[in-house]
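Residue-level structure breakdown
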Amino acid sequence: MTSLEAKTSAFPGLAKKLSRLIQFATVSSYTVTDEVEEGFSGLIDELPLLFPKLHRALKLEKPSDRALLYTWKGSDPSLAPAILCAHFDVVPEGNSQDWEQGAFSGAIVDGQLWGRGSQDIKVLMASIMEAAEQLLDQGFKPRRTILFAFGGDEEVGGTRGAGAIARHLAEKGVRASFLVDEGGPISIGMLSFAPRPLALVGVAEKGYADLLVTTKGKGGHASMPPKDSATVNLAKAIVAMQNKPFPARITGTLKAFLRRLSMISAQPYRFLFRFAGLTAPFIKAAFSATPTTNALIRSTVACTMLKGSPKENVLAEKAQATLNVRILPGESSVSVIDRLNALAAPFGAEVKVKHEGQVVEASNESSTEHEGWGYIEHALSLSHPEAFCLPFLFSAATDTKHYRDIAEAIYRFTALPQSQEDLARVHAANERVKISDLERCASFYTNLIGSL
Ligand SMILES: [Zn+2]
């Protein structure tokens, strides 16, 4: 950052604050004892030093050691609260050799800030808190109550963080109007024909399940194999499932996405998208052509792991495959498993949930008519006037799954312009953010909070 930029920036201290947050290695793990406690406690202790006004004006509760809940009380109790979320844990650095600047350096070089969390997603935590600092400085008082909900284990399921906050809010009977968490970016160049950057606001999230397909056989010596063995039947069952993909469906979210996209598209796209009911066969065929768009119109099944006999010359008594399944909104894990069982049954295969209690159903589809959508669109028109807001099916899992009963509408959006190349650095080496983008992200939150 040059000194000129520093002087003219609306958020002169923000990059240094985010840099500080990145320097705490808050790597979450499924094995709790692998987590370095000092990283988490250090970050939490640092927050009041970085954001002092917020800590004086807002109430802070800690439903768990990985959960921070700030309450900014509104003046009008008749308005339902809004919840703004982020998480402060990160994934491991990976191979440190691949990083040009250290993963936990928070280095600021040539207008960019480097390190884990700079894109996913300490960037939002810093932006939200800095926006609040600035608004408090201006004497702003919100009409509706605003909650900041920050979890410290999103990357490993979010139970200790967002889960604890959601349980705490449920106990208090809090019912929010809407919630905004991390999600789709302001996508640069995703659709070659789109004339503007597309703000992909996730209004729905796919469900998630790991399934186990099992076949059984007699076992015995491999020198005299029967016609039907556990492994062959498993292979046949997998091929049968592969050959019959889930039916394509244009969800409410996709219909809304296409309708809005038609507004900024030239012909023939304008017609195709505007009348998705009429042109459904064409849209389904076109979307089926690439894995990315295919995932938007159907539940998907990926066979990721295989297991047979433990020895080269022994027939398997049991063969198993793991399926990673992503469920389209409108379908359930039960209906998906039923369908897979029907396809697998002719080969003596049975499909079951692999880890009980770890299935996440597909979310509801939040409306673009809800007031929450309006607030997001308005804030974005001020912070990123070049971007066009589109409702989107978000394919990755976020903390929002914990808040389904807490908020009426849920939106998943990260106000950062991102090309495919930028997105490839998330969870990979050289994660970084342009400081000008960081400041515009904070400006999105200033405008959002300022209108609540
Ligand atoms: Zn994240």
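Because the structure is predicted, anything quoted here is derived from the model rather than measured.

Take the overall build of the protein chain next. Counting its secondary structure elements, the protein chain contains 15 helices and 15 strands. A globule of 452 residues ought to have a C-alpha radius of gyration of about 22 Å, and the protein chain, at 24 Å, matches this closely. In terms of its C-alpha atoms, the protein chain occupies a principal-axis envelope of roughly 80 × 55 × 45 Å. When contacts within the protein chain are restricted to residue pairs at least 6 apart in sequence, those whose partners lie at least 24 apart make up 79%.

At their nearest, the axes of helix 2 (residues 14–22) and helix 15 (residues 435–450) sit 10 Å apart, and the two run at 100° to each other. Regarding the angle of helix 2 to helix 15, the classification is roughly perpendicular. Between helix 2 and helix 15, the contacting residues are L14, A15 and L18 on the first element and I435, L438, E439 and A442 on the second. Class assignment for the residues of the contact of helix 2 with helix 15 results in 6 nonpolar, no polar and 1 charged.

All right, on to the environment of M129 then. By the element assignment, M129 lies in helix 5 (residues 122–137). Judged by C-beta crowding, with 28 C-beta atoms within 10 Å, M129 ranks as buried. Note: C-alpha distance between M129 and H355 (226 residues apart in sequence) is 37 Å. The residues contacting M129, other than those within four sequence positions of it, are F51 and L54.

This part takes up helix 3 (residues 37–50). With 14 residues, helix 3 extends 20 Å from end C-alpha to end C-alpha; this agrees with the ideal 20 Å at 1.5 Å per step. Contacts from the buried residues of helix 3 go to helix 2.

Another aspect to go through is the environment of A396. By secondary structure assignment, the location of A396 is in the loop between strand 13 (388–394) and strand 14 (407–418). A C-alpha to C-alpha distance of 9.5 Å links A396 and G184, two positions 212 residues apart in sequence.

Let us now look at the domain arrangement of the protein chain. Looking at the assigned domains, one finds that the protein chain contains domain 1 (3–204 + 363–450), domain 2 (207–247 + 298–360) and domain 3 (253–297). Once you take the C-alpha centre of each, domain 2 and domain 3 turn out to be 33 Å apart. Each side of the interface is counted separately: domain 2 has 4 residues, and domain 3 has 4 residues. Split into classes, the residues belonging to the side of domain 2 that touches domain 3 amount to 1 nonpolar, 1 polar and 2 charged.

In this section: the packing of helix 5 against helix 15. For the pair helix 5 and helix 15, interaxial distance at closest approach is 8 Å and the crossing angle is 55°. Here helix 5 lies oblique to helix 15, going by the angle between them. Crossing angle aside, the handedness with which helix 5 passes helix 15 is right-handed. On helix 15, the residues touching V123, S127, I128, E130, A131, A132, Q134 and L135 of helix 5 are L438, C441, A442, Y445, T446, I449 and G450.

Grouped together as the largest cluster of nonpolar side chains are 101 residues, with contacts concentrated most on I128, A199, V201, I376, L390, Y411 and L438. Examining the composition of this core, we find that 9 residues originate from one element, helix 5, more than from any other. For this core, the two domains that each supply at least three residues are domain 1 (3–204 + 363–450) and domain 3 (253–297). Apart from the residues within four sequence positions on either side, A199 is in contact with I186, L380, H384, A387, F388, C389, L390 and F413.

A few words now on the sheet that holds strand 12 (residues 350–353). Reading across the sheet, the 4 strands line up as 10-11-9-12 and stay open at both edges, with antiparallel pairing between neighbours. Either end of the sheet is taken by a strand with one partner, and the two such strands are strand 10 (300–307) and strand 12. Sheet twist, expressed as the average angle between the axes of neighbouring strands with direction ignored, equals 30°. Against the sheet, helix 7 (residues 230–243) contacts strand 9 (207–216), strand 10 and strand 11 (318–327), and its axis sits at roughly 145° relative to strand 9. Sheet strands touched by helix 12 (residues 333–344): strand 9, strand 11 and strand 12. Its angle to strand 12, the strand with the most contacts, is close to 160°.

The rules we used
Residues numbered from 1 in each chain as written. Predicted model: local features only at pLDDT ≥ 70, side-chain atom pairs only at ≥ 80, totals over all residues. Helix = DSSP H or I, 4+ residues; strand = E, 2+ residues; numbered from the N terminus. Rg over C-alpha atoms; globule rule 2.2 N^0.38 Å. Contact = placed C-beta atoms within 7 Å. Axes fitted to C-alpha atoms, helices over the stretch in contact; angles between N-to-C directions. Parallel < 35°, antiparallel > 145°, perpendicular 65-115°, else oblique. Nonpolar A, V, L, I, M, F, W, Y, C, P; charged D, E, K, R; others polar. Buried ≥ 20, exposed ≤ 12 C-beta atoms within 10 Å, placed from the backbone. Expected span 1.5 Å × (residues − 1). Domains from an automatic or database assignment. Left-handed = near helix turned anticlockwise from the far one by under 90°. Core = buried A, V, L, I, M, F, W, Y, C linked by C-beta atoms within 7 Å. Pairing = 2+ DSSP bridges.

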